[in-house]
Amino acid sequence: LISTLQEIGIEAVCVNSKNGFSSHLEDKKNISCFSSSSKYEIQFNGKKIIGSAQRLFRNSSGQNVILQHGSILLGLKYLEISEYFNYSTSTDKIEMENKMIENTNNISSICGRNISYEEIKDRLINSFKKEWSINFETESDGITDRQINL
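Report on the accompanying structure. Values in this document were obtained by computation on a predicted structure and should not be read as measured data.

So, about the sheet that holds strand 1 (residues 13-14). Taken in spatial order, the 4 strands make up an open sheet running 1-2-3-4, and their pairing is antiparallel. Across the chains shown, the open sheet's two edge strands, defined by having one partner strand only, are strand 1 and strand 4 (64-72). Two strands pair when backbone bridges link them, and strand 2 (residues 42-44) and strand 3 (residues 47-58) are joined in this way by 3 bridges, in the antiparallel orientation. Bridge pairing links Phe-44 to Lys-47 in strand 3.

As structure tokens, then:
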């Protein structure tokens, strides 16, 4: 991920410390995962641009399974997440939006140009091939234009 960002001129870093993320979420204004960085997320100038989350659980066969989720902030669309939460007051919504703006940035804004889903996908594939010396196939079937634009 860092190599891909470097290719487009972004000197990002991986956060190596926990900032009390669990206690951070106790305040409802911080419920968006974009309102703070946690360990192993990627930042540029102290602001999150790539986040991830993992959950380890056992499946019905008793095997451990890891669920991995990540978000790469390409543009400003992620700020719309504030529309989907219930707030006690309109001030809470504004405070949540402000926290996201204060603690995040996006790749297109940093680069000063639109970075499309297709561009970042191709760059990620190439970086993974170089960094890990692997080949893999990708399938874009099933991904809708709406999903790409999210």
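Don't stop here, the text continues.
With that settled, consider the pattern of salt bridges. Across all of its chains, the model carries 9 salt bridges by this definition. Taking the shortest distance from any N to any O, the salt bridge between Glu-97 and Lys-93 comes out at 3.6 Å. Taken together, the positions of Glu-97 and Lys-93, both in helix 3 (residues 90-103) and 4 residues apart, correspond to about one turn of that helix. For Lys-93, a relative accessible area of 22% corresponds to the partly exposed category.

With respect to the helices and strands, the residue Glu-41 is situated in the loop between helix 2 (21-24) and strand 2. Within the local environment of Glu-41, its side chain forms a polar contact with the side chain of Lys-48, the two groups lying 3.1 Å apart. One polar contact links the side chain of Glu-41 to the main-chain amide nitrogen of Ser-52, over a distance of 3.1 Å.

The next point concerns the pairing of strand 4. Note that strand 3 and strand 4 share 9 bridges and pair antiparallel. Bridge pairing in strand 4 links Arg-55 to Leu-67.

The next point concerns unusual backbone geometry. Of all residues except glycine, most have a negative phi; of all peptide bonds, most are trans. Non-glycine residue Asn-45 carries a positive phi angle of around 50°. Locating Asn-45 in the fold gives a position in the loop between strand 2 and strand 3. Look at Asn-45 and you get exposed, because its relative accessible area is 67%. Phi is positive for Ser-133, which is not a glycine, with a value near 50°. Mapped onto the secondary structure, Ser-133 falls in the loop between helix 5 (117-132) and helix 6 (145-149). Take Ser-133: its relative accessible area is 67%, and that puts it in the exposed class.

Rules used in this analysis
Residues numbered from 1 in each chain as written. Predicted model: local features only at pLDDT ≥ 70, side-chain atom pairs only at ≥ 80, totals over all residues. Heavy atoms only, no water. Pairing = 2+ DSSP bridges. Helix = DSSP H or I, 4+ residues; strand = E, 2+ residues; numbered from the N terminus. Salt bridge = Lys/Arg side-chain N within 4 Å of Asp/Glu carboxyl O. Buried < 20%, exposed > 50% of the residue type's maximum accessible area, 1.4 Å probe, protein only. Polar contact = N/O pair within 3.5 Å; in protein donor to acceptor, adjacent residues only side chain to side chain.

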